[in-house]
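Commentary on secondary and tertiary structure
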Amino acid sequence: MTVTDAWNGQLGRHWADHPDRYNAMVARFDEPLFDAAAIGAEDRVLDIGCGSGFSTRIAARRAPRGRVTGVDISVPLLERARTRTDAGEFPSVSYELGDAQVHPFEPAGYDVAISRGGVMFFVDHIAAFTNIGRALRPGGRLAFICPQPPSPDGEERKALGLLASLLGQEHAVENAVAVAMASLSDPERLRKVLGAAGFEEIGIVPVTATTCWGRDAADAVDFFVSRTPGLTVSDETRASMMDALLPYETAEGVLLRAGVWVVGARLPL
Ligand SMILES: C[S@@+](CC[C@H](N)C(=O)[O-])C[C@H]1O[C@@H](n2cnc3c(N)ncnc32)[C@H](O)[C@@H]1O
């Protein structure tokens, strides 16, 4: 299955059905992303892989006299983005279904392109960032987050790996989406890709924060299991999954530390 099929299939539908959960998961990375994007009140903003549009709406609040376009390859997620975006509150937001690698964006039509984890899935990263660059005006900015290489001892990797193995889903880490998730994790490769696509002033800053997986361990286990439709889980397996998550239960939910790169770059003037 290709990444596009996945975002239009079960994976995309799960994200579309649980937008609040997925937003809460990465919420602690929003501030560093938007600090890097430095969106001005009149900026024209392109949100790449906008999903259910949460980051698109944050961008619109920061650009009250500009406009924001969210582009995504997933039909179910764009549908969710549209239903979540009140036209009265966000008159300058629009969404386009398209593959950011080849989408015919308005040339030089944007001041800044952002992405909250939507740029790892390209087949040809240089071609994709070159296409995004064509959408930016000279001197236009790019800011996105993408995962750091998962450390085997990292909380998220350890806990989620254990849950997957308890469900007999270790193979899931080899699927196309999981592989793509790590495609920009090497900072040296990131610099090469962005440089080859015409960007300069490339900054790559590590940020570690907690991702929230549920109100408590039971809620997080239910959510994890719900990602595989029709999966039945024995009481014994569920109890082991609970045990795996209990150490991470806090008053603010099940929190697992994870690292991203906050990447900023600019086109030459
Ligand atoms: C990890 S999700 C992040 C969604 C959203 N940015 C958020 O933070 O909720 C990745 C998103 O990138 C989209 N995507 C993947 N490949 C894409 C492509 N080539 N062009 C546009 N969107 C793409 C997916 O459909 C999905 O919505």
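Residues numbered from 1 in each chain as written. Predicted model: local features only at pLDDT ≥ 70, side-chain atom pairs only at ≥ 80, totals over all residues. Heavy atoms only, no water.

The name an unreviewed UniProt entry gives the protein chain is Class I SAM-dependent methyltransferase, with Streptomyces sp. 900116325 as the organism.

1. Here's the deal with the packing of helix α3 (residues 19-26) against helix α11 (residues 217-226)
For the pair α3 and α11, the least separation of the axes is 13 Å and the interaxial angle reads 115°. Comparing their axes, α11 and α3 come out roughly perpendicular. Between α3 and α11 lies a crossing whose hand is left-handed. For the pair formed by α3 and α11, the contact residues are Arg 21, Tyr 22 and Met 25 on the first element and Asp 219, Ala 220 and Phe 223 on the second. For the contact of α3 with α11, the residue count by class is 4 nonpolar, no polar and 2 charged. (Axes fitted to C-alpha atoms, helices over the stretch in contact; angles between N-to-C directions. Helix = DSSP H or I, 4+ residues; strand = E, 2+ residues; numbered from the N terminus. Parallel < 35°, antiparallel > 145°, perpendicular 65-115°, else oblique. Left-handed = near helix turned anticlockwise from the far one by under 90°. Contact = heavy atoms within 4.5 Å. Nonpolar A, V, L, I, M, F, W, Y, C, P; charged D, E, K, R; others polar.)

2. Considerations on the site of the ligand
Contacts to the ligand come from 18 residues, most closely from Gly 49, Asp 72, Asp 99, Ala 100 and Arg 116. Between the ligand and Gly 49, the relevant distance is 2.7 Å, taken from a nitrogen atom to a main-chain nitrogen or oxygen of the residue. Ala 100 is positioned with one of its backbone polar atoms (N or O) 2.9 Å from a nitrogen atom of the ligand. Look at the ligand: alone it shows 600 Å² of surface, and the protein chains cover 97% of it. Residue classes in the shell around the ligand are distributed as 8 nonpolar, 7 polar and 3 charged. (Near = heavy atom within 4 Å. Polar contact = N/O pair within 3.5 Å; in protein donor to acceptor, adjacent residues only side chain to side chain. Areas by Shrake-Rupley, 256 points an atom, 1.4 Å probe, with all protein chains shown as cover.)

3. Examining the nonpolar core
Membership of the largest hydrophobic core comes to 38 residues, with the highest contact counts inside it found for Ile 48, Phe 129, Leu 142, Phe 144, Leu 190, Leu 194 and Phe 199. Setting aside residues no more than four positions away along its own chain, Phe 144 makes contact with Leu 33, Ser 115, Val 119, Phe 129, Leu 184, Leu 190, Leu 194, Trp 261, Val 262 and Val 263. Counting residues in hydrophobic clusters, the runner-up holds 25 residues, among them Phe 29, Phe 34, Val 68 and Val 112. (Core = buried A, V, L, I, M, F, W, Y, C linked by side-chain atoms within 4.5 Å. Buried < 20%, exposed > 50% of the residue type's maximum accessible area, 1.4 Å probe, protein only.)

4. Here's the deal with the packing of aromatic side chains
In this description, a pair of aromatic rings is defined by centroid distance and the angle of the planes. Within this structure, the stated rule accounts for 7 aromatic pairs. With a centroid separation of 5.4 Å and an interplanar angle of 75°, the aromatic rings of Trp 7 and Phe 121 are classed as edge-to-face. Of this pair, Trp 7 sits in helix α1 (residues 3-8) while Phe 121 is found in the loop between β4 (110-116) and α7 (125-135), placing the two residues 114 residues apart along the sequence. For Trp 7, a relative accessible area of 12% puts it in the buried group. Assessed through its relative accessible area of 14%, Phe 121 is described here as buried. Ring geometry for Phe 129 against Phe 144: centres 5.6 Å apart, planes inclined by 25°, an arrangement best described as stacked. Taken together, the residues span a long stretch of sequence, with Phe 129 in helix α7 and Phe 144 in strand β5 (residues 136-147) at a distance of 15 residues. Judged by relative accessible area, which is 0%, Phe 144 ranks as buried. (Phe/Tyr/Trp six-rings, centres within 6.5 Å; stacked < 30°, edge-to-face > 60°.)

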